[in-house]
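# Inside the fold
In case you want the letters, here they are:
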Amino acid sequence: MEEPGSAPDPDRDRDRQYCELCGKMENLLKCGRCRNSFYCSKEHQKQHWKKHKLTCREAEEKQRAQKPPPDSKADQPDSTPDSTPGSTDAGKVKDVISSADGSEGSEGKLSDDGINNNNSSGSTSTLRPSSGARSSPQKLALEYIAPCMNKHGICVVDNFLGEETGLSILADVKALHQSGKFTEGQLVSQKSDSSKDIRGDKIAWIEGQEPGCEKIRFLMSRMDDLIRHCNDKLGNYRINGRTKAMVACYPGNGTGYVRHVDNPNSDGRCVTCIYYLNKNWDAKEHGGLLRIFPEGKSQFADIEPKFDRLLFFWSDRRNPHEVQPAYSTRYAITVWYFDADERARAKEKYLTGSGEKGVKVDLQQAV
């Protein structure tokens, strides 16, 4: 495997570079044989070799067949080393912020809705949160979530359940955290190497039947209701199940989660759904923003983890994202929804992730 260099590749190529095993997008190493695949460590390359060797050898043979004559200029050694994806130019452009009422914020500041859409063209983004408390699940799903997802690939719903219900869910989560049932966050297909340099959260997987998790179960059923109403209207997906809920806590010591993709290897997950539980969150003081880098776009979206906020986005390589360092305790509940066809193909190819992400749960009816 080749070591990363300092010369940057074009942004378009860089945005398509992911660790083939875990989806991490920083400090990548390139496979020295095929030069087409990337890994965050030699350990992940070794773990992925059983699958990668099939395409790696094929790519190597194609490269040899296409190799130009020795006297060709193209045969000279490439003096540009492999790149290490770093900060994007989008981080330097002017910030154009749209609040829920359509007013624009000032440059470099978060608007009241906690969504910061950074656009290099200077145009105002149309990604604005809807209020879930005012709409029936069916209306919210059909008139807002499905159209928003199909247009932007990201969708934000504020005031999803209301303060009283949100506080009761938060109470369940805090009790779960205090019970000592949270463990260090793990990576998909991780075996022995540490993930602490990639993600700094502590997590618990919840089915909803556990004692003391009744309100978390209610949240999951409301999420399921929305997805059920959206089904067959979210791209070409046919959603037939989901994972357990991942209840996560960043302890507020400056840890985050580096830029990554939830589903880089077609394991069946198509929609990521996150519910935030953080009262009086101020991103300027507390950090902890979720920054999404939509593929093929010159803008990124900063999502503030505000209390009673629900977020949807595509789980695959269209939405690389990171959790920026959090300096206050940050709670979130995440569920991934499965596309039936992709999930079936993944099972045939043994691509499903280890641990709870590999457990399929049928959609629940609201209680």
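Quick notes on the rules
- Residues numbered from 1 in each chain as written.
- Predicted model: local features only at pLDDT ≥ 70, side-chain atom pairs only at ≥ 80, totals over all residues.
- Heavy atoms only, no water.
- Buried < 20%, exposed > 50% of the residue type's maximum accessible area, 1.4 Å probe, protein only.
- Helix = DSSP H or I, 4+ residues; strand = E, 2+ residues; numbered from the N terminus.
- Pairing = 2+ DSSP bridges.

Turning to the pairing of strand E9 (residues 245–250), a few remarks are in order. Of all six residues that make up E9, six are buried, and the element is covered over most of its length. Residues Ala245, Val247 and Cys249 line one face of E9 and the alternating positions Met246, Ala248 and Tyr250 line the opposite face, and both faces are buried. Pairing between strand E7 (residues 202–206) and E9: five bridges, direction antiparallel. By the bridge assignment for E9, Trp205 is matched with Met246. As paired elements, E9 and strand E16 (residues 330–339) share five bridges and run antiparallel to each other. Each residue of the ladder has a partner; that of Met246, found in E16, is Thr334.

A few words now on the environment of Lys53. You can see Lys53 is positioned in helix H2 (residues 42–65). Classification of Lys53 by relative accessible area gives partly exposed; the value is 28%.

This brings us to unusual backbone geometry. With the exception of glycine, most residues fall at negative phi, and the peptide bonds are largely trans. One non-glycine residue, Asn159, lies in positive phi territory at about 50°. Following the sequence through the fold, Asn159 ends up in the loop between strand E5 (154–158) and helix H4 (163–178). Taking relative accessible area as the criterion, Asn159 reaches 40% and is therefore assigned partly exposed. Phi at Asp308 is positive, roughly 65°, even though this residue is not glycine. Residue placement: Asp308 occurs in the loop between strand E13 (299–303) and strand E14 (309–314). Taking the relative accessible area as the measure of exposure, Asp308 reaches 2% and is therefore buried.

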